[in-house]
Amino acid sequence: MKYAIVGFGKIGQALAHAFARKNIDVAVASRRPPEALAPQAREIGPTIVAKSLRDALEADTIILAVRFEEHGSVAKALPNWEGKTVIDAMNSQAPLEELDGLLSSAFVAKAFTGAKLVKGFNHLAAATLATDPVVAGGHRVVFLSSDDEDAIAPVADLAKQLGFAPVELGKLNEGGALVHARGDIWGPLIFEDLFKKEQ
Ligand SMILES: NC(=O)c1ccc[n+]([C@@H]2O[C@H](COP(=O)([O-])OP(=O)(O)OC[C@H]3O[C@@H](n4cnc5c(N)ncnc54)[C@H](OP(=O)(O)O)[C@@H]3O)[C@@H](O)[C@H]2O)c1
């Protein structure tokens, strides 16, 4: 698997720390050129490699860590997303009427034509997500949901490799709704920092 994080702000860097902790290679990209991101990437760890957006999108699993309003611009960077898994780590507080009545991840899925979309790594504050998910006696929980049945397992494997305990919530508008904001109402699992004894 080749991994990329698009968006190298608070959440992108928090996730880069998780990859660095386990020596897993990941490309990081934003609108800025790779030279601008490289010092910060190097500081996080040798497996964090700054790339152009175009080069980063050669990965098969791409974590979206941009502001929700920017997802459309990332989606346009490839003509189609066949064969890619997109992990939506974004939260949107846009009113549902601006999202065609859909939850934000279902709206995002429409923009990334052909991709398998999994919502995950979105429910914690960046400062929390950046810290070691393995604590005495437990692993920090991340919630995963998707309308694509096959897509969750590989993302759950990644979460485990990173030291998290993945909890599968099912489809986006079923269990997944628990980690969505709907307008200005946050899903009840957002910001719940939970630990499991086993991964
Ligand atoms: N902050 C949190 O605690 C938190 C918690 C949970 C979820 N989230 C979600 O995570 C997402 C990112 O939040 P954040 O706080 O990390 O934001 P942030 O600090 O503003 O970082 C956003 C990053 O996206 C890059 N970017 C913006 N537009 C882009 C584009 N079109 N293509 C590629 N890169 C682009 C920006 O870099 P350039 O300007 O260089 O392009 C920047 O590195 C949001 O959707 C937010 O809802 C945040």
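Further up the page is the structure itself.
Described in the following lines is the structure provided in the data block. Source: prediction; values computed, not measured. (Residues numbered from 1 in each chain as written. Predicted model: local features only at pLDDT ≥ 70, side-chain atom pairs only at ≥ 80, totals over all residues.)

Another point: the pairing of strand β9 (residues 165–170). Sheet topology note: the strand β8 (residues 138–145)/β9 ladder contains five bridges and is parallel. Looking at the pairing, Phe143 lines up with Val167 of β9. Each parallel crossover has a hand, and for β8 linked through helix α7 (residues 152–161) to β9 it is right-handed. (Pairing = 2+ DSSP bridges. Helix = DSSP H or I, 4+ residues; strand = E, 2+ residues; numbered from the N terminus. Right-handed = clockwise from strand over helix to strand, strands pointing away.)

It is worth spelling out helix α2 (residues 34–44) at this point. Residues of α2 that are buried: Leu37, Ala41 and Ile44. On an axial view of α2, the arc spanned by its buried residues comes to 45°, and they lie on one face. Opposite the buried face of α2, at more than 90 degrees from it, the exposed residues are Glu35, Pro39, Arg42 and Glu43. In this structure, the buried side of α2 is in contact with α1 (10–21), β2 (26–29) and β3 (48–50). (Buried ≥ 20, exposed ≤ 12 C-beta atoms within 10 Å, placed from the backbone. Arc of directions from axis to C-beta. Contact = placed C-beta atoms within 7 Å.)

Bringing the environment of Lys119 into the picture now. Take Lys119: it is sitting in strand β6 (residues 116–119). Owing to 31 C-beta atoms within 10 Å, Lys119 belongs among the buried residues under this scheme. For the pair Lys119 and Ser104, spaced 15 residues apart in sequence, the C-alpha to C-alpha distance is 9.8 Å.

These figures capture arrangement, not role.
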